[in-house]
2 protein chains.
Amino acid sequence: MTRELHLNLFINGRGHHEAAWRHEHATGKALTDLSYYRELALAAEAAKLDSIFFADHVALGEDQEHTARGELEPLTLLGALAALTERIGLIATASTTYSEPYNLARQFASLDHLSGGRIGWNIVTSWAPAAAANFGQERQAGIDQRYERANEFVEVVSKLWDSWAKDAIVDDRASGTYAHSDRIGRAEHRGKHFGVAGALNIPRSPQGRPVFVQAGASTDGRAFAARYAEAIFTAHLQKESAIAFYADIKTQGRTVGRRPDQIVILPGISAAIGSTEAEAQRVWDELNELSHPSVGLARLSNRFGGHDFSHLKLDQVLSVDDFPDPSQVQASRSRSQSITALVARERPTLRGLLHSLAGARGHFTATGTPEQIADVIEDWFVSGAADGFNVMPPILPSQFELFTGEVVPLLRKRGLFRSEYRDGTLRERLGLDSVPSRFDPASPLQRTA
Amino acid sequence: MTRELHLNLFINGRGHHEAAWRHEHATGKALTDLSYYRELALAAEAAKLDSIFFADHVALGEDQEHTARGELEPLTLLGALAALTERIGLIATASTTYSEPYNLARQFASLDHLSGGRIGWNIVTSWAPAAAANFGQERQAGIDQRYERANEFVEVVSKLWDSWAKDAIVDDRASGTYAHSDRIGRAEHRGKHFGVAGALNIPRSPQGRPVFVQAGASTDGRAFAARYAEAIFTAHLQKESAIAFYADIKTQGRTVGRRPDQIVILPGISAAIGSTEAEAQRVWDELNELSHPSVGLARLSNRFGGHDFSHLKLDQVLSVDDFPDPSQVQASRSRSQSITALVARERPTLRGLLHSLAGARGHFTATGTPEQIADVIEDWFVSGAADGFNVMPPILPSQFELFTGEVVPLLRKRGLFRSEYRDGTLRERLGLDSVPSRFDPASPLQRTA
């Protein structure tokens, strides 16, 4: 079987560049306007993309003055988009750090029903220091504790999603038997962080559970991904680091007994597309021109757990000594490591660094004609850097229109990307195995209910 | 100004009678099928009802064998229905007992944006013993503690919903100012149950916040309702008790400084409608015939905090001595009081009691022709028993089709009910004042941000 390229549209504000909201080719709609998201979702569906994705945060981000903040909550938004689309996958972030497993399990099961099996869950731990303060906590938990809780969280919700057999409901009006209660089982979990009795009060959903997506890339994050993730969003500034990550994850997956094709790796790509390379470059120049240094600086500080960079000058050449040791950072550790590696390698000015991070917050940026962008995608795909991409247009919807209108047809011509959807769930589209049920006699999970 | 009658459709399974799922005139669709809810919502919208409503529970109910269980989670479902409808209000239950204020505030704000200001929140405390076990707790909290937490919860989410001024977002591309950060304020709450810093990461929604709906009728519940509720769903087996409740709530509301018209009282009515009284009565007879005694008995036990009634015989005449003292019940206290009052008054057999509760779980049931049902509605409305009704058809969709097709036109003819929607939010439709903002100089909440 030939490998199939997977494409996910990551919808973020008016585009992934931090200044996109000001650009003349960005949408004029409010970030709280459903019609904006409906149009993007329908455009992605028309282009036969695998899925769309919304990130999430449980605190208001830094610098509301100069950044477009205040988007919709993803799970309620996915409910709306499930009703407005028919085929495309719908993925949302939800945090294991500040949610209750029973509540989140219900919402994802419900979304999977509403969408007919098109839902994915990007499993995150909340690293932003501001988030803890919204949940009654003095300080954020350290990375170890967050992943310990995340592991147990996934264990609990998995039991809940597995608490109804597929055939539990018989709905026999004549006999008065609605369900076989011996095909509905308790979830029985009593751990360090959670105690849940179950069963869930929602029947097994079309996919069994949402597709597990993951994006953490620290040591803990990778171990978690190797164990649970079925799709991975990952940020790399260079192909080499993507290749190393890809090999590491597939190897770690094998070590815990998983087949490599059961972990679909999707690096982010933020492509500025133009009819010439110069026109494409102009997109970045225009966006950088519109950037406000305070936004990038606040974001940089956030990445390093609140470290103060305000004494640095914009035209100052940076060295790694200007940064705290990433291994001590309790926030987004992999992202801070990748930033200090870039500083060591390229010795940029502060302004240069902020520009290179403004594009897509540490994800790979590409610049060029549709042909050149298709080349990059094909190259990464065949070089063992990617199973597909997390498409992060710098400006929405204009740069996504160029991607679907110009790049996707080239990928099709090269035999890399589908022309039509086949029937099936998101899980099936991604080539993932079905989720075992403890009620299935053939399942390794089978036990007396 | 003439008073306006308000009508809400309460959507519950295949109808409110516990055996409705077996009835030949009930829908054949699964309870997880969005198209079923879409059709009901569109029918209610076509009939110009104020709103539709979904209850919620955070545990699987008793007796899955003989009852239709396993519905969708209401907030994700409301997301879908917000996208599929245009005018009708959308109300969902969410618990203050097992949710985090920051999470719930975000989801309701998001829904209010998605729907253009059509959202209501039925604020509940979770009384079911089984719920606690899904949230790591040995036993459910007592009624006092639950309301203490509920009061603080509403205080916190109200601060969060008030953390953005209406005009906080300026979205000025030319100057680079997206928002006035001095028009976004912290929510700063540090109480017994919650600590929240804020601000919310979603801008102020069209209604400011969801309409506050409430259904608890215990002493604590009424005090809570008088303070916060803008619409009340309430269960009465007789008009007299509805009149007493109505007077009590409006008086209590006045005592805490609220205008009576700012609390819209909607008793439940479960009407079996037929072209003759005999035909209507047949609906109940058929449904009771389809009832399974174990279902009613399990529900009765649940209402009395898990009390064991299994030693009672179906044809035994009951007395209040067969029941525990309702004032000691830590579950649904008002409902258990109303049941023992009925037993004292009517001395039914156990079978008779179960039948009278099977209809609509302690809500008022009516039986008759469309004319007779319209008479009841008009009578309660003009007698100070109701500002409108929570319509609970015993069988869905058939009995709701009779209600919209036969009863609603009569209410229109009598000048009681609207023929068209006026523009505006759900809040405006219910005649409720707008929600003050601390950023409004005229507001009593105004303070320096």
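Chain A is annotated in an unreviewed UniProt entry as FMN-dependent oxidoreductase, nitrilotriacetate monooxygenase family of Bosea lathyri. For the record of chain A, the UniProt heading Sequence similarities (unreviewed entry) holds the text "Belongs to the NtaA/SnaA/DszA monooxygenase family."

S.K.: Please clarify how the overall build of chain A should be interpreted in this entry.
M.R.: Across its full length, chain A holds 14 helices and 13 strands. Oriented by its inertia axes, the alpha-carbon framework of chain A measures out at about 75 × 50 × 40 Å. When each of the 449 residues of chain A is scored for burial, the buried share is 62%. Relative to all contacts within chain A whose residues are 6 or more apart in sequence, the contacts with residues 24 or more apart total 78%. Total accessible area computed for chain A in this model is approximately 16,700 Å², and 48% of it derives from carbon and sulfur atoms.

S.K.: How should the nonpolar core be read in this particular structure?
M.R.: The tendency in soluble globular proteins is for nonpolar side chains to be buried side by side. Counting 192 residues, the largest nonpolar core has Leu7(A), Ile52(A), Trp121(A), Leu7(B), Ile52(B) and Trp121(B) as its most contacted members. For Ile52(A), the residues in contact, after removing those within four places along its chain, are Asn8(A), Leu9(A), Ile11(A), Ala41(A), Ala44(A), Leu81(A), Ile88(A), Gly89(A), Leu90(A) and Ile91(A).

S.K.: Sorry if this is basic, but what is going on with the relation of the copies chain A and chain B here?
M.R.: Between the two chain copies there is a screw-like relation: a rotation about an axis and a shift along it. At an RMSD of 0.0 Å, chain A and chain B line up after a rotation of 180° and a shift of 0.0 Å along the axis. Both copies are brought into coincidence by an operation consistent with a two-fold rotation axis. When you check the interface residues of chain A against chain B, 99% turn up at the interface there too, and the contact is symmetric in its surfaces.

S.K.: I tried to follow the UniProt feature "binding site: FMN" (unreviewed entry) in chain A on my own but got confused; where do I start?
M.R.: All names here are of chain A. The UniProt record marks Asp-56, Thr-93, Tyr-147 and Ser-218 with the feature "binding site: FMN" (unreviewed entry), using the residue numbering of this structure. Within this annotated set, the largest cavity is lined by Asp-56 and Thr-93. Position of Thr-93 relative to the elements: it lies in strand β3 (residues 89-95). Tracing the backbone through its elements, the reader meets Tyr-147 in helix α5 (residues 143-161). Judged by relative accessible area, Tyr-147 falls into the buried class, the value being 8%. The residues contacting Tyr-147, other than those within four sequence positions of it, are Thr-125, Gln-214, Gly-216, Ser-218, Asp-220, Gly-221 and Phe-224.

S.K.: Would you mind showing me how to read empty space enclosed by the protein here?
M.R.: A water-sized probe, rolled over the atoms, reveals where empty space remains. This structure, assessed with the given rule, holds 7 cavities of 30 Å³ or more. Taken as a whole, the largest cavity spans an internal volume of roughly 450 Å³. The wall of the largest cavity is formed by 29 residues, among which Asn103(A), Gln107(A), Asn103(B), Leu104(B) and Gln107(B) lie closest to the centre. Every element with two or more residues in the lining of the largest cavity is listed here: β3 and α3 (101-114) of chain A together with α2 (74-84), β3 (89-95) and α3 (101-114) of chain B.

S.K.: Looking at this structure, how should I read the packing of aromatic side chains?
M.R.: Each aromatic ring pair is described using two quantities: the centre-to-centre distance and the angle formed by the ring planes. All names here are of chain A. Applying the stated criterion to the full structure yields 40 aromatic pairs over all chains. Ring plane angle 55° and centroid distance 6.0 Å describe the contact between Trp-121 and Phe-153, whose orientation is recorded as tilted. Of the two residues, Trp-121 is situated in strand β4 (residues 119-124) and Phe-153 in helix α5; the sequence distance between them amounts to 32 residues. The same class applies to Trp-121 and to Phe-153, which are both buried. Residues Trp-121 and Phe-212 carry aromatic rings whose centres are separated by 6.0 Å and whose planes lie at 80° to one another, so their mutual orientation is edge-to-face. Of this pair, Trp-121 sits in strand β4 while Phe-212 sits in strand β9 (residues 211-214), and the two are 91 residues apart along the sequence. A relative accessible area of 0% places Trp-121 in the buried class. A residue is classified by how much of its surface remains accessible, and Phe-212, at 2% relative accessible area, is buried. Each member of the aromatic cluster is reached from another via a ring pair, and the members are Phe-108, Trp-121, Phe-153, Trp-161, Phe-194 and Phe-212.

S.K.: I'm lost on the interface of chain A and chain B in this one. Help?
M.R.: It is common to give the size of an interface as the accessible area that goes away when the parts come together. Counting from both sides, the interface comprises 74 residues of chain A and, opposite them, 73 residues of chain B. Buried surface at the junction of chain A and chain B, both sides included, amounts to about 5,700 Å², of which 51% is carbon and sulfur. For the pair chain A and chain B, the number of links is 4 salt bridges. Here Arg106(A) and Asp56(B) are joined by a salt bridge, their closest N and O atoms 2.5 Å apart. Contributing elements (two or more residues each) for the side of chain A that touches chain B: α2 (74-84), α3, β5 (169-172), β6 (177-179) and β8 (195-196) of chain A. For the side of chain A that touches chain B, the per-class residue count stands at 33 nonpolar, 26 polar and 15 charged.

S.K.: Where do I start with the pattern of salt bridges in this structure?
M.R.: Throughout the structure, instances matching the rule amount to 56 salt bridges over all chains. Here Arg345(B) and Glu346(B) are joined by a salt bridge, their closest N and O atoms 3.8 Å apart. Judged by relative accessible area, Arg345(B) falls into the partly exposed class, the value being 39%. Salt-bridge contacts for Arg414(B) lead to Asp375(B); the nearest nitrogen and oxygen are separated by 2.9 Å. Highlighted residues: Arg414(B) in the loop between α13 (398-413) and α14 (426-429) and Asp375(B) in helix α12 (residues 370-382), separated in sequence by 39 residues. Among the charged side chains, a network of salt bridges with common partners joins Glu4(A), Asp50(A), Arg418(A) and Arg422(A).

S.K.: Explain the side chain of Asp387(B) to me, please; I cannot follow it from the model alone.
M.R.: Residue and element names in this part refer to chain B. Tracing the sequence through the fold places Asp-387 in the loop between α12 and β13 (388-391). Of the polar contacts made by the side chain of Asp-387, one reaches the side chain of Lys-250; its length is 2.8 Å. Discounting residues that sit within four places of it in the chain, Asp-387 has contacts with Arg-3, Glu-4, Leu-5, His-6, Tyr-246, Lys-250, Ile-263, Val-264, Ile-265, Leu-266 and Phe-381.

S.K.: What should I look at first to understand the environment of Thr404(B) in this one?
M.R.: All names here are of chain B. Along the polypeptide, Thr-404 turns up in helix α13. Sequence-wise, Thr-404 and His-17 are 387 residues apart; in three dimensions their C-alpha atoms are separated by 19 Å. Discounting residues that sit within four places of it in the chain, Thr-404 has contacts with Ala-47 and Pro-409.

Thresholds, definitions, all that
Residues numbered from 1 in each chain as written. Chains lettered and ligands numbered in written order. Predicted model: local features only at pLDDT ≥ 70, side-chain atom pairs only at ≥ 80, totals over all residues. Heavy atoms only, no water. UniProt positions renumbered as here; feature names shortened; annotations may be inferred. Helix = DSSP H or I, 4+ residues; strand = E, 2+ residues; numbered from the N terminus. Buried < 20%, exposed > 50% of the residue type's maximum accessible area, 1.4 Å probe, protein only. Contact = heavy atoms within 4.5 Å. Areas by Shrake-Rupley, 256 points an atom, 1.4 Å probe, with all protein chains shown as cover. Core = buried A, V, L, I, M, F, W, Y, C linked by side-chain atoms within 4.5 Å. Least-squares fit on C-alpha atoms with pLDDT ≥ 70 in both. 1 Å grid on protein atoms, 1.4 Å probe; cavity = no way out; pocket = protein on both sides within 12 Å on 5 of 7 lines; lining within 4 Å. Points joined across faces, edges and corners; volume = space filled by probe spheres on them. Phe/Tyr/Trp six-rings, centres within 6.5 Å; stacked < 30°, edge-to-face > 60°. Buried area = accessible area lost by both parts, 1.4 Å probe. Salt bridge = Lys/Arg side-chain N within 4 Å of Asp/Glu carboxyl O. Nonpolar A, V, L, I, M, F, W, Y, C, P; charged D, E, K, R; others polar. Polar contact = N/O pair within 3.5 Å; in protein donor to acceptor, adjacent residues only side chain to side chain.

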